[in-house]
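Below are the chains, spelled out letter by letter.
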Number of protein chains: 2
Amino acid sequence: MGRNRTFDEDDVVAQSAAIFLRQGYEGTSIDDLLAATGLHRGSLYKAFASKRGLFLATLRRTSADAATGRDDAAVDLLLVALLELAPRDPEVRALCGGALAHLTHAEAAALVGQRLLTRAHLSDQ
Amino acid sequence: MGRNRTFDEDDVVAQSAAIFLRQGYEGTSIDDLLAATGLHRGSLYKAFASKRGLFLATLRRTSADAATGRDDAAVDLLLVALLELAPRDPEVRALCGGALAHLTHAEAAALVGQRLLTRAHLSDQ
DNA sequence: ATCGTTCTTGACTGATCGGTCATCTATCTG
DNA sequence: CAGATAGATGACCGATCAGTCAAGAACGAT
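Residues numbered from 1 in each chain as written. Chains lettered and ligands numbered in written order. Predicted model: local features only at pLDDT ≥ 70, side-chain atom pairs only at ≥ 80, totals over all residues. Heavy atoms only, no water.

A. Seen up close, unusual backbone geometry. Residues and elements named next belong to chain A. At Ala 49, a position not held by glycine, the phi torsion is positive, near 75°. Tracing the chain through its elements places Ala 49 in the loop between helix H3 (41-48) and helix H4 (51-66). For Ala 49, a relative accessible area of 58% puts it in the exposed group. The backbone of His 121 sits at a positive phi, close to 65°, despite the residue not being glycine. Tracing the sequence through the fold places His 121 in the segment after helix H7 (105-119). What makes His 121 exposed here is its relative accessible area of 51%. (Helix = DSSP H or I, 4+ residues; strand = E, 2+ residues; numbered from the N terminus. Buried < 20%, exposed > 50% of the residue type's maximum accessible area, 1.4 Å probe, protein only.)

B. Broad picture of the protein's contact with DNA strand D. The immediate surroundings of DNA strand D are formed by 25 residues, with Ile30(A), Arg41(A), Lys51(A), Thr6(B) and His40(B) found nearest. Protein-adjacent atoms of DNA strand D, using a 4 Å cutoff, are sugar or phosphate at a proportion of 66%. Among the elements of the structure, helix H2 (30-37) and H3 of chain A together with helix H3 (41-48) of chain B are those that each provide at least two residues to the surface near DNA strand D. Across the surface near DNA strand D, the residue classes tally to five nonpolar, twelve polar and eight charged. (Near = heavy atom within 4 Å. Nonpolar A, V, L, I, M, F, W, Y, C, P; charged D, E, K, R; others polar.)

Interpretation in functional terms is not warranted from these geometric data alone.
Here's what the structure looks like:
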């Protein structure tokens with residue numbers, strides 16, 4: 001019953017993740033996300049409720065891959081979450097913690113630290 | 001000649017650093033900085049030219065201490081610079097690189113990674 | 001065909017953003 | 001004292017922010 005969605009939610013989440021991991025959370029505007037996804041304002045808010053809601057969806061989608069060490073994009077999104085949201089947002093913090101749960105503290109620190117330097121163009125590794 | 005300054009520039013830089021390292025760069029508004037420093041808008045722009053100019057001043061002031069491992073605040077500001085500015089701002093990138101210059105890549109990664117996790121309340125170390 | 005429901009579309013809102021600038025005040029020089 | 005200079009103050013600017021909502025369109029059920 002009711003009209004069908006004209007977009008694929010997985011695609012929208014993937015396209016949004018690409019923007020968030022590059023520009024950061026505060027550095028990304030709703031208009032940036034609308035441009036990247038092709039969605040209209042009302043549709044985005046209907047599907048994800050808020051900017052934070054969409055970010056949480058991207059984080060849930062990628063957090064499982066972050067600790068494998070083979071998905072730079074997933075780690076980049078985790079960096080954004082750790083620095084900008086996690087200190088003040090328990091739900092984001094819990095997702096970040098889950099993503100790194102089966103690593104030791106030292107392994108987790110090395111993973112995110114190395115990726116932070118590479119993302120800043122201070123290391124090519 | 002001319003009127004004397006009524007504020008201490010070092011104090012203003014220190015107070016601004018405290019805001020930036022907690023809230024991030026994009027998460028900090030000029031009004032936040034005015035409230036924290038007691039400055040008026042015109043004075044801040046006269047002394048530091050822009051939000052970025054003030055951030056650069058805070059980064060220059062603290063970057064020397066970041067690599068000692070004894071100044072969490074300095075590392076936190078470095079984290080903000082690395083994640084939010086360094087990828088797009090060569091001057092910030094150079095300051096970050098200088099701050100970590102006498103560390104190995106692995107040491108630098110461990111330092112910033114460990115601090116990122118602690119700041120996110122995912123590690124008490 | 002009509003009704004209820006869901007999604008689409010984009011105009012609109014009040015708030016906030018970084019930054020500018022005219023005016024005023026304090027201080028120096030002569 | 002008058003004039004020049006530099007800082008102080010805060011009103012103001014256009015742009016952009018996240019979020020809302022009324023109207024219309026597509027669907028299933030009856």
